[in-house]
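Take a look at the letters that make up each chain.
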Amino acid sequence: MKFAYFSGCKIPFELEEYGLSFEAIMEKLSVQLINLPFNCCGYPSRSKSLEISVLSSIRNLALAEKQGLDLITPCKCCFGQFKHAIYAWNNHIDLRVKINNILKTEGLSWSGETKVKHLLSFLYHDLGLAALKPLITRPFSNEKIVVQYGCHALRPFSITGFDDPYAPKIFEALVNITGFKTIEWSKSTECCGNPIYEQNKKLSLKILESKLKAASETGAAYIINACTHCQIQYNVMDMEQELKKIHISPVLFTQILGTAMGLTKKELGIKNTHVFDF
């Protein structure tokens, strides 16, 4: 199996361990990841220019299509942006014509057939739990955890088609096969606050504090993320004295899945001492 690998902008520079652990898992699953000369997904420009935002995404999809590949990403923000761009491309004829003309100048074109997959949807729908379970050789011991879904993949469902935005189940099902026990909590589908961190840090941290307190009140030891922006946001608690007092640790899903599959800390980019002691 082969995919065009879209890491996005944040992972290589701010969350390298997510990229390392994602790549290690894909190698373990015999999935070949192909790196292409991608540009930004276009999300940062979406509020400023729909045209630039959609062009950025469609150009990446055209690059993948030129290689005969579908695209996979561990970043939910990028996943959501691609889905928004595809929706706009399909529903705005004038925009589609303009973008196609721009792509022609690079010798590119896009038919609309390239599929975009997030890590979780690939594992759950394409690989399947039945195929993944036998690969769990070092399961965890039923410790309680909560999951953070991430907004960009869930909403709006009419565009992303990721999971039920009101009662999602994919993430819990995947985490549970590692031996952890997921428990429900009130804010699993709410925003982490990261999108407004630069514009309104005070409000962003207030949202984060509210989520951390709600998660810790469940008795969970860890909050599991499969979203680049969410993990970056939760990592902020190490720098804020008030947040350090809340007893719950953020961990990347790829790191717990990889560990349960027998991969090493080095392979998974695990360096932080606050990450649980495997």
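Up top you'll find the structure we're talking about.
Residues numbered from 1 in each chain as written. Predicted model: local features only at pLDDT ≥ 70, side-chain atom pairs only at ≥ 80, totals over all residues. Heavy atoms only, no water.

Q: Help me understand the nonpolar core in this model?
A: Looking at soluble globular proteins, one finds that nonpolar side chains tend to be buried together. Met26, Leu29, Ile58, Phe171, Val175, Ile224 and Phe253 are the most contacted members of the largest nonpolar core, which has 73 residues in total. At eight residues, the largest contribution of residues to this core is made by helix α4 (residues 76-91). If we ignore the near neighbours within four places in the chain, the residues touching Leu29 are Phe122, Leu123, Leu127, Leu132, Leu135 and Met261. Counting 20 residues, the second-largest nonpolar core is a separate cluster that includes Val146, Ile183, Leu208 and Leu212. (Core = buried A, V, L, I, M, F, W, Y, C linked by side-chain atoms within 4.5 Å. Buried < 20%, exposed > 50% of the residue type's maximum accessible area, 1.4 Å probe, protein only. Helix = DSSP H or I, 4+ residues; strand = E, 2+ residues; numbered from the N terminus. Contact = heavy atoms within 4.5 Å.)

Q: What exactly am I supposed to notice about the pattern of salt bridges here?
A: Under the definition given, this model contains seven salt bridges. Of the charged contacts, one joins Asp126 and Lys117 as a salt bridge, the two residues approaching to 3.3 Å between their closest N and O atoms. Of the charged contacts in the structure, one is a salt bridge between Lys213 and Glu209, with a shortest N-O distance of 3.2 Å. Of this pair, Lys213 and Glu209 both sit in helix α11 (residues 201-216), separated by four residues, roughly a single helical turn. For Lys213, a relative accessible area of 39% translates into the label partly exposed. (Salt bridge = Lys/Arg side-chain N within 4 Å of Asp/Glu carboxyl O.)

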